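Topology and contacts: notes
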Amino acid sequence: MDFEFTPEQEEKREDFTAFCKEEAKRAPEGWIGGMAAEETDEGWAYHRSVVEKVAAKGWLCLPWPKEYGGQGHGPIEQLIFSEVAAYYRVPAIPMHFMTVAAGILMYGSEEQKKEWLPKMARAEINWAEGLSEPNAGSDLAALTTTAIADGDDYVINGQKVWTSGAHRADHIFILARTDPNLPRHKGLTFFVNRIGPGIEFRPLIFMNRSHLYNETFIDDFRVSKRNIIGKLNQGWYVMMAGRNFARANISLAAAGKRDLEDLIEYCKQTQEGGEFLAKKPLIRQRLADFVIDYEAALKFAYHVCWLQTKGKDVAAEAAACGYYANELNLRLANTAMEIMGLYGTLKGGSKWAPFCGKFQELSQWSSGFTIAGGTTEIRKNVIAWTGLGLPRD
Ligand SMILES: Cc1cc2nc3c(=O)[nH]c(=O)nc-3n(C[C@H](O)[C@H](O)[C@H](O)COP(=O)(O)OP(=O)(O)OC[C@H]3O[C@@H](n4cnc5c(N)ncnc54)[C@H](O)[C@@H]3O)c2cc1C
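From a predicted model like this one, the values you see are computed outputs, not experimental measurements.

What counts and what doesn't
Residues numbered from 1 in each chain as written. Predicted model: local features only at pLDDT ≥ 70, side-chain atom pairs only at ≥ 80, totals over all residues. Heavy atoms only, no water. Helix = DSSP H or I, 4+ residues; strand = E, 2+ residues; numbered from the N terminus. Buried < 20%, exposed > 50% of the residue type's maximum accessible area, 1.4 Å probe, protein only. Polar contact = N/O pair within 3.5 Å; in protein donor to acceptor, adjacent residues only side chain to side chain. Contact = heavy atoms within 4.5 Å. 1 Å grid on protein atoms, 1.4 Å probe; cavity = no way out; pocket = protein on both sides within 12 Å on 5 of 7 lines; lining within 4 Å. Points joined across faces, edges and corners; volume = space filled by probe spheres on them. Nonpolar A, V, L, I, M, F, W, Y, C, P; charged D, E, K, R; others polar. Domains from an automatic or database assignment. Salt bridge = Lys/Arg side-chain N within 4 Å of Asp/Glu carboxyl O. Buried area = accessible area lost by both parts, 1.4 Å probe.

1. A closer look at the side chain of Thr 163
With respect to the helices and strands, the residue Thr 163 is situated in the loop between β3 (153-161) and β4 (171-177). Accessibility expressed as a relative area gives 0% for Thr 163, which makes it buried. At 2.7 Å, the side chain of Thr 163 forms a polar contact with the side chain of Thr 216. Once you skip the residues sitting within four places of it in the chain, Thr 163 turns out to touch Ala 128, Glu 129, Phe 201, Leu 212, Tyr 213, Asn 214, Glu 215 and Thr 216.

Here is the structure:
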């Protein structure tokens, strides 16, 4: 890593840790963190109560300028908070918050920053992300949702898919085609708006039977021209600002590190054939490998953030960082289930399920995370094109 934490940053880490340890004690029974907040009413109430406290402390937006409700710290402080919250499984940051904030901070007008950011800093907005469509995921520029000018508004029509947490959201950001005659990614515009008439969400039940995702049907949804972030037909760049930020997400590595510690504890306490699992050489070696991998993943996230503070284009590094942590979490979950045998496949609710069924849930979520926000293959493409300068196919 190319930097050291300052004494002030270390002090902040202690504050964050003390807060998160306390909040973790209030978690609903059987809480396993991750995506559980949107899944149940109880999880959602817990999430909202934590977020309101975090907002009151000014920790949702540590690096934002003070005039928009921020604290004027650096992005490293924000990363420390995200790391600590994820490690303690405290659902402290609203979904899509960082993605849309990055777009508004980089491309919003002064008026838009003053309108949207303070409300977000006070945790008054829950966002849904309306980007992917049934025929536009990896190839997002193929999207067909249209926005057509009508007086002071744009009227949006189309369909989005995999809209995470939308059934809990009150606002949505949408990427829509505003000029079909321009090259594909140049005719798109980024809209933000309160969810209202013309938007319908239908549950898209995930493979673990939970309701986290949705299909979104958009039928004559009116959005004021004032709610275009960035310029007309320049929405691709607003979206990419958020994507790069999201791809380097440290929460993945921090949450995984905590899960690894649970697995190590399980191996210390569980016997098989009269021998503790932690004594078996193969298991010990695999656990040791994971310890190294998670340390590397955490350092990598800080490295990407540090490069961002130096004004570097981090598209390739952010893609690599998210790819590494996502694949690592999937590998950890599957290894845990192998070690636990049939017990590892039990869902929470069974008295025999280790860690309330955490690892079988993680195995299903993690495979989704290797797709969300850019699949592993797409991230590798970004590394090849942007990082290594290899030709596009
Ligand atoms: C858990 C989850 C949450 C999500 N949340 C949201 C959300 O809140 N909002 C939202 O808008 N979207 C969301 N998404 C959608 C997500 O962004 C897309 O699923 C993702 O971009 C992949 O698109 P796709 O599903 O259409 O797959 P496709 O693009 O059809 O890809 C299918 C396969 O082909 C591979 N592939 C495609 N193109 C290439 C290429 N050029 N080179 C190499 N391989 C390629 C892919 O890697 C993949 O393996 C979510 C998805 C998941 C799984």
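2. What to know about empty space enclosed by the protein
Applying the stated criterion across every chain yields a total of 2 cavities of 30 Å³ or more. Space inside the largest cavity adds up to approximately 50 Å³. In terms of lining, the largest cavity is formed by Glu 38, Trp 44, His 47, Pro 94, Met 95, Asn 126, Trp 127, Gly 165, Arg 168 and Ala 169. The residue inventory of the lining of the largest cavity, partitioned by class, reads 5 nonpolar, 3 polar and 2 charged. Both of domain 1 (7-93) and domain 2 (127-238) provide at least three residues apiece to the lining of the largest cavity.

3. Quick notes on the pattern of salt bridges
Considering all chains together, one arrives at 26 salt bridges under this definition. Between Asp 259 and Arg 89 there is a salt bridge, and its shortest N-O distance comes to 2.7 Å. In this pair, Asp 259 is assigned in helix α8 (residues 251-269) and Arg 89 in the loop between α4 (75-87) and α5 (97-107), connecting sequence segments 170 residues apart. Residue classification places Arg 89 among the buried positions, given a relative accessible area of 15%. A salt bridge links Glu 115 to Arg 226, with the shortest nitrogen-to-oxygen separation between them at 2.9 Å.

4. Here we look at the layout of surface pockets
Remark: the empty space left among the atoms is shown by a probe the size of a water molecule rolled over them. Estimated volume of the second largest pocket: approximately 340 Å³. Around the second largest pocket, the lining is made up of 16 residues, and of these Gly 30, Ile 32, Ala 36, Glu 39 and Thr 40 lie nearest the centre. Of all the secondary-structure elements, those providing two or more residues to the lining of the second largest pocket are α2 (36-39), α3 (41-57) and α11 (358-369). Considered class by class, the residues forming the lining of the second largest pocket number 6 nonpolar, 5 polar and 5 charged. Two domains each provide a minimum of three residues to the lining of the second largest pocket, namely domain 1 (7-93) and domain 3 (248-387).

5. Things to note about the domain arrangement of the chain
Taken domain by domain, the chain consists of domain 1 (7-93), domain 2 (127-238) and domain 3 (248-387). Look at where the C-alpha atoms of domain 1 and domain 3 centre, and you get two points 21 Å apart. With 18 residues of domain 1 at the interface, the matching set in domain 3 holds 20 residues. On the domain 1 side of the contact with domain 3, Ile 32, Tyr 87 and Arg 89 bury the most area, a combined 39% of that side's loss. Joining domain 1 to domain 3, the criterion identifies 2 salt bridges. At the junction of domain 1 and domain 3, the tally comes to 7 residue pairs in polar contact (both at pLDDT 80 or more). At the level of secondary structure, the elements contributing two or more residues to the side of domain 1 that touches domain 3 comprise α2 and α4. Examining the composition of the side of domain 1 that touches domain 3, we find that 8 residues originate from one element, α4, more than from any other.

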